[in-house]
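Analysis of the macromolecular model
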Amino acid sequence: MASIKALISAPFHHFIHKDFHEVVATMTLLDRLLFLIMHSIDKLGIWHRLPVFLGLIYLAIRRHLHQQYNLLNVGPTPIGVRFNPIDYPYRTADGKYNDPFSEVAGSQGTFFGRNIPPVNQKDKLLRPDPMVVATKLLARRSYKDTGKQFNMIAASWIQFMIHDWIDHLEDTKQIELTAPIEVASQCPLKSFKFYKTMEVPTGFYDIKKGFLNTRTPWWDGSVIYGSNAKQLGKVRTHIDGKLKISDEDGLLMHDQDGIALSGDVRNSWAGVSVLQALFIKEHNAVCDALKKEYHDLNDEELYRYARLVTAAVIAKIHTIDWTIELLKTDIMTAAMRANWYGLLGKKFKDAFGHVGGAALGGLVGLKKPQNHGVPYSLTEEFVSVYRMHQLLPDNLLLRDVSTAPGPNKSPPLIETVPMGDLIGLKGEKALSEIGFTGQMVSMGHQACGALELWNYPLWLRDLIPQDKNGRDRPDHVDLPSLEIFRDRERNVARYNEFRRGVLLIPISKWEDLTDDQEAIDVLNEVYGDDVEELDLMVGLMAEKKIKGFAISETAFVVFTLMASRRLEADRFFTSDFNEEMYTKKGLKWVNTTESLKDVMDRHYPEMAKTWMNSTSAFSVWDSPPNSHNHIPLLLRIPS
């Protein structure tokens with residue numbers, strides 16, 4: 001048997017990259033064949049140029065292989081009596097009881113998982129120095145934006161999601177980084193202090209130490225509800241299921257210290273705050289609709305149903321609206337809609353319900369949740385590829401919404417507001433003067449930054465961080481330098497090893513990464529000729545982009561796995577995505593909401609009508625609406 005297996009394996013070893021021989025040796029025969037198909041397409045670099053249907057097959061193969069080989073549990077697999085989901089027909093405050101096989105999976109305070117094994121970098125935390133990397137390769141020289149594709153609402157949205165999903169538990173010990181002489185004159189902070197990430201024994205024989213998530217990694221709307229009962233108690237009115245919101249201006253309310261009342265307010269800014277306010281209004285509107293339909297529901301029942309509905313609306317917008325603008329290609333439009341509706345499409349699913357498995361009917365509405373044998377979590381690698389502060393500009397271009405719109409519904413510019421004035425406690429005060437409509441329309445008409453080298457905002461190099469309660473800390477931080485350090489501290493593989501780990505062909509020279517000669521020269525200056533030393537974030541910014549993608553392919557493949565996992569592992573998007581759990585009215589609310597624009601139209605019906613020319617609220621609002629394509633999506637061929 002061994003000799004037969006070796007005979008079958010021989011052709012693989014001749015064809016595939018030598019760095020994959022070891023992982024391929026662990027695969028089943030079927031998976032080896034699938035890997036061979038995927039690897040062949042990767043070597044040609046053509047998957048994004050395939051006809052849409054063939055592109056979907058490639059993505060399905062890649063996702064399957066990642067599900068088999070890129071989900072690593074951190075900590076022991078929970079053992080205990082399975083709970084009965086009927087006893088918990090709602091999302092709990094701390095994220096427990098979402099996975100029928102494990103009551104604690106995905107709850108607050110559980111471990112971040114892994115997509116690839118951790119790489120110990122304790123002896124390389126300062127090699128090369130993070131402040132050198134930040135200064136020479138990341139710091140913004142001049143603002144580069146994304147054109148009409150992606151706007152500031154889109155940049156705010158992903159921060160809104162991060163506040164829903166991930167934050168590391170900190171240690172009580174501080175570390176200090178000091179700028180080396182060669183870059184000290186270019187660093188706003190000559191040194192800065194910050195708290196270590198707390199490393200915790202896992203009690204597991206394989207990955208012995210890990211890091212804890214202080215937020216709930218489910219798509220449960222904790223950004224507005226909080227990740228525990230204490231936070232939830234602060235935001236609820238305990239009347240008709242509703243959450244606290246200002247009746248005067250539609251913005252978040254604040255406590256006596258000026259800290260906003262919402263689920264997660266740490267290290268926030270005005271762009272995130274307006275989205276929190278919008279979805280609190282959405283929650284409250286669901287409460288009103290349910291109370292009108294079902295008169296006997298009490299405060300707690302109204303709150304629970306409304307949370308389920310609102311969280312599902314947020315997840316749906318991210319899946320079939322935000323992500324489609326981020327990865328603006330026909331293949332990805334088809335892929336993301338297939339995640340929600342399946343290949344049979346929305347009309348079929350609306351008429352007949354979920355039919356078939358994940359491919360035909362979509363992940364949403366599956367008969368049972370699927371975790372692929374690994375308790376649900378978000379991963380350290382997922383955190384790393386979501387480092388996107390380059391999306392933020394230097395200033396918000398504030399628009400005048402008191403006048404008539406100009407060409408393409410564009411409002412006139414009245415003021416340039418430094419971004420530093422819009423963050424933290426100062427930002428909450430500024431937002432109260434700008435107002436909800438002024439902030440949203442201004443962000444809608446402004447392109448966000450591009451995820452490229454030399455585009456990390458300089459104002460983030462001298463930043464006031466906050467503690468978990470949203471209070472300012474005394475020590476300022478240099479954020480790009482800190483982010484480089486964090487990946488190393490948390491044992492996230494550097495760029496080339498990361499690519500190997502997610503089954504992407506590694507680079508062998510700087511020219512494989514970028515065509516920019518200046519970038520090649522500076523990479524060589526910082527890292528020498530050793531591509532293995534390249535930090536992940538630098539590689540993600542330097543990498544050649546697929547046409548239509550605002551992010552790198554390396555980051556994208558992690559999304560391919562984890563974006564699907566957030567839906568398919570959650571019983572409230574699978575087995576419990578039904579009228580019994582959501583109510584008939586609530587499920588219809590989710591099923592008829594397709595975009596952020598739909599939510600805006602519910603609460604600010606004149607905003608998009610007056611100021612938005614684009615199809616999506618996430619593309620720049622004065623851009624032309626999408627043109628109609630007569631060719632069915634699945635039959636299209638990329639130009």
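Residues numbered from 1 in each chain as written. Predicted model: local features only at pLDDT ≥ 70, side-chain atom pairs only at ≥ 80, totals over all residues. Heavy atoms only, no water.

1. Quick look at helix H20 (residues 517–527)
- What H20 keeps buried is the set Ala-519, Ile-520, Val-522, Leu-523, Val-526 and Tyr-527.
- Here H20 starts with a cap whose side-chain oxygen sits 2.9 Å from the backbone nitrogen of Glu-518, and that cap is Asp-516.
- Positioned one or two residues after H20, Gly-528 has a phi angle of 70°, which is positive. (Buried < 20%, exposed > 50% of the residue type's maximum accessible area, 1.4 Å probe, protein only. Helix = DSSP H or I, 4+ residues; strand = E, 2+ residues; numbered from the N terminus. Polar contact = N/O pair within 3.5 Å; in protein donor to acceptor, adjacent residues only side chain to side chain.)

2. Considerations on the nonpolar core
- Trp-47, Trp-157, Phe-279 and Tyr-582 are the most contacted members of the largest nonpolar core, which has 193 residues in total.
- Ranked by residue count, the leading element in this core is helix H11 (residues 299–326), at 14 residues.
- Among the domains, domain 1 (1–70) and domain 2 (85–187 + 202–624) are the pair contributing at least three residues each to this core.
- If we skip the residues at most four places from it in the chain, Trp-157 touches Leu-275, Phe-279, Ile-314, Ile-317, His-318, Trp-322, Leu-596 and Phe-618. (Core = buried A, V, L, I, M, F, W, Y, C linked by side-chain atoms within 4.5 Å. Domains from an automatic or database assignment. Contact = heavy atoms within 4.5 Å.)

3. Considerations on a positive patch on the surface
- Together, Lys-230, Lys-234, Lys-468 and Arg-471 make up a region of like positive charge exposed at the surface.
- Tracing the sequence through the fold places Arg-471 in the loop between helix H17 (436–444) and helix H18 (479–489). (Patch = residues over 30% accessible without salt bridge, like charges linked within 9 Å, V, L, I, M, F, W, Y side chains within 5 Å. Areas by Shrake-Rupley, 256 points an atom, 1.4 Å probe, with all protein chains shown as cover. Salt bridge = Lys/Arg side-chain N within 4 Å of Asp/Glu carboxyl O. Lys, Arg positive; Asp, Glu negative; His and termini not counted. Charge placed at Lys NZ, Arg CZ, Asp CG, Glu CD.)

4. Description of the side chain of Thr-593
- Within the fold, Thr-593 resides in the loop between helix H24 (584–591) and helix H25 (596–603).
- Residue Thr-593 is classed as buried on the basis of its relative accessible area, which comes to 2%.
- With near-sequence residues (within four places) excluded, Thr-593 lies in contact with Val-313, Lys-316, Asp-598, Val-599 and Arg-602.

5. Structural notes on the domain arrangement of the protein
- Domains assigned within the protein are domain 1 (1–70) and domain 2 (85–187 + 202–624).
- Taken over C-alpha atoms, the centre of domain 1 sits 31 Å from the centre of domain 2.
- The interface of domain 1 with domain 2 comprises 24 residues on the first partner and 28 residues on the second.
- Counting the surface lost from both domain 1 and domain 2, the interface buries some 2,200 Å², and carbon and sulfur atoms represent 72% of this.
- Put simply, domain 1 and domain 2 have one salt bridge between them.
- Of the charged contacts in the structure, one is a salt bridge between Arg-500 and Asp-19, with a shortest N-O distance of 2.5 Å.
- The interface formed by domain 1 and domain 2 holds 10 residue pairs in polar contact (both at pLDDT 80 or more) in total.
- Counting only elements with at least two residues in the side of domain 1 that touches domain 2, the list comes to helix H3 (29–44) and helix H4 (52–69).
- It is H4 that contributes the most residues to the side of domain 1 that touches domain 2, 11 residues altogether. (Buried area = accessible area lost by both parts, 1.4 Å probe.)

6. Focus: the pattern of salt bridges
- A complete count under the given rule lists 46 salt bridges for this structure.
- Asp-478 serves as the salt-bridge partner of Arg-461, at 2.8 Å between the closest nitrogen and oxygen. One end of the pair, Arg-461, is in the loop between H17 and H18; the other, Asp-478, is in the loop between H17 and H18, and 17 residues separate them in sequence.
- Classification of Arg-461 as buried rests on a relative accessible area of 1%.
- Using a relative accessible area of 0% as the deciding quantity, one classes Asp-478 as buried.
- Through salt bridges with shared partners, a single network forms among Asp-167, Glu-170, Arg-215, Asp-264, Arg-266 and Arg-473.

7. Details of the packing of aromatic side chains
- Evaluated as defined, the whole model comprises 27 aromatic pairs.
- A ring pair is formed by Trp-47 and Phe-549, whose centres lie 6.1 Å apart and whose planes are at 65°; its orientation type is edge-to-face. Of this pair, Trp-47 sits in the loop between H3 and H4 while Phe-549 sits in the loop between helix H21 (536–542) and helix H22 (553–568), and the two are 502 residues apart along the sequence.
- Judged by centre distance (5.8 Å) and plane angle (65°), the rings of Trp-165 and Trp-219 are edge-to-face. Pair noted here: Trp-165 is in helix H6 (residues 152–165) and Trp-219 is in the loop between strand S4 (209–210) and helix H8 (222–225), with a separation of 54 residues, a long-range link. Summarising the burial analysis for this pair, Trp-165 and Trp-219 share the class buried.
- Pairwise contacts between aromatic rings join Trp-165, Trp-219, Phe-382, Tyr-386 and Phe-559 into one cluster.
- Cation over ring: Arg-236 sits above Tyr-303, and NZ or CZ is 4.2 Å from the ring centre.
- When the ring centre of Tyr-90 is taken as reference, the NZ or CZ atom of Arg-304 above it lies at 3.7 Å. (Phe/Tyr/Trp six-rings, centres within 6.5 Å; stacked < 30°, edge-to-face > 60°. Lys NZ or Arg CZ within 6 Å of the ring centre and 35° of its normal.)

8. Examining the environment of Asp-467
- In this structure, Asp-467 sits in the loop between H17 and H18.
- A C-alpha to C-alpha distance of 34 Å links Asp-467 and Leu-327, two positions 140 residues apart in sequence.
- Of note is the side chain of Asp-467, whose polar atom sits 2.9 Å from the backbone nitrogen of Asn-469.

9. A closer look at the packing of H4 against helix H12 (residues 330–341)
- Between H4 and H12, whose axes approach to 9 Å, the crossing angle comes to 60°. The angle between the axes of H4 and H12 places the two elements in the oblique class. In the crossing of H4 with H12, the sense of the turn from one axis to the other is right-handed. Contacts from Val-52, Gly-55, Leu-56, Leu-59 and Arg-63 in H4 reach Asp-330, Ile-331, Met-332, Ala-334, Ala-335 and Asn-339 in H12.
- Here the residues of the contact of H4 with H12 sort into seven nonpolar, two polar and two charged. (Axes fitted to C-alpha atoms, helices over the stretch in contact; angles between N-to-C directions. Parallel < 35°, antiparallel > 145°, perpendicular 65-115°, else oblique. Left-handed = near helix turned anticlockwise from the far one by under 90°. Nonpolar A, V, L, I, M, F, W, Y, C, P; charged D, E, K, R; others polar.)

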